Amino acid sequence: GSPANPILAGQHPEYLVKQLQEFKSGKRKNAIMAGFAATLSDDDMRNVAAFYASKQAKPGAAKDKDLAALGEKIYRGGIGDRNIPACAGCHSPSGAGIPSQYPRVGGQHGDYTEAQLLAFRSGARGNSTQMMQIAAKMNDREIKAVSDYIAGLR
């Protein structure tokens, strides 16, 4: 798939259903996804989510060794002096997430993750107060570093 779009294979079905519901309700903004979700019933959403959750994602890779090293430090330990928590606390050390609470992020396209973190930071993506608060404290380099590191997580 395109790095502009998320890798859905292996994602938690509960998370996928939540995102589809939020596209349908308008809580999450995206014209293409809103149009798609508008046609889906709750059963359709669960079926689509189960389909993607049953698929195996291809392993990703970081692009920049130095940037990924910074990303690993942030992902695993956060940034204490700015109260930025470790990403691993919610998304797990391997990026597997916690079903129905936090999405799988490991192996996700770095460009997609970066775009989502920037959208959370700007408020353009407002469907997670927690992520908006965390991203608001991060600068562009930190967001890029975490995104690149996440791309290589397995």
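These notes cover the structure that comes with them. (Residues numbered from 1 in each chain as written. Predicted model: local features only at pLDDT ≥ 70, side-chain atom pairs only at ≥ 80, totals over all residues. Heavy atoms only, no water.)

What about the environment of Q101?
Move 1: In this structure, Q101 sits in the loop between α5 (88–91) and α6 (110–122).
Move 2: Judged by relative accessible area, which is 53%, Q101 ranks as exposed.
Move 3: C-alpha separation for the pair Q101 and L118, spaced 17 residues apart in sequence, amounts to 21 Å. (Helix = DSSP H or I, 4+ residues; strand = E, 2+ residues; numbered from the N terminus. Buried < 20%, exposed > 50% of the residue type's maximum accessible area, 1.4 Å probe, protein only.)

Considerations on helix α7 (residues 129–136)
Move 1: Within α7, burial applies to M131, I134 and A135. Buried positions in α7, seen along its axis, are confined to an arc of 95° and lie on one side of it. Structural note: α7 exposes T129 and A136 on the side pointing more than 90 degrees away from its buried face.
Move 2: The inward-facing, buried residues of α7 abut α5, α6 and α8 (140–152). (Arc of directions from axis to C-beta. Contact = heavy atoms within 4.5 Å.)

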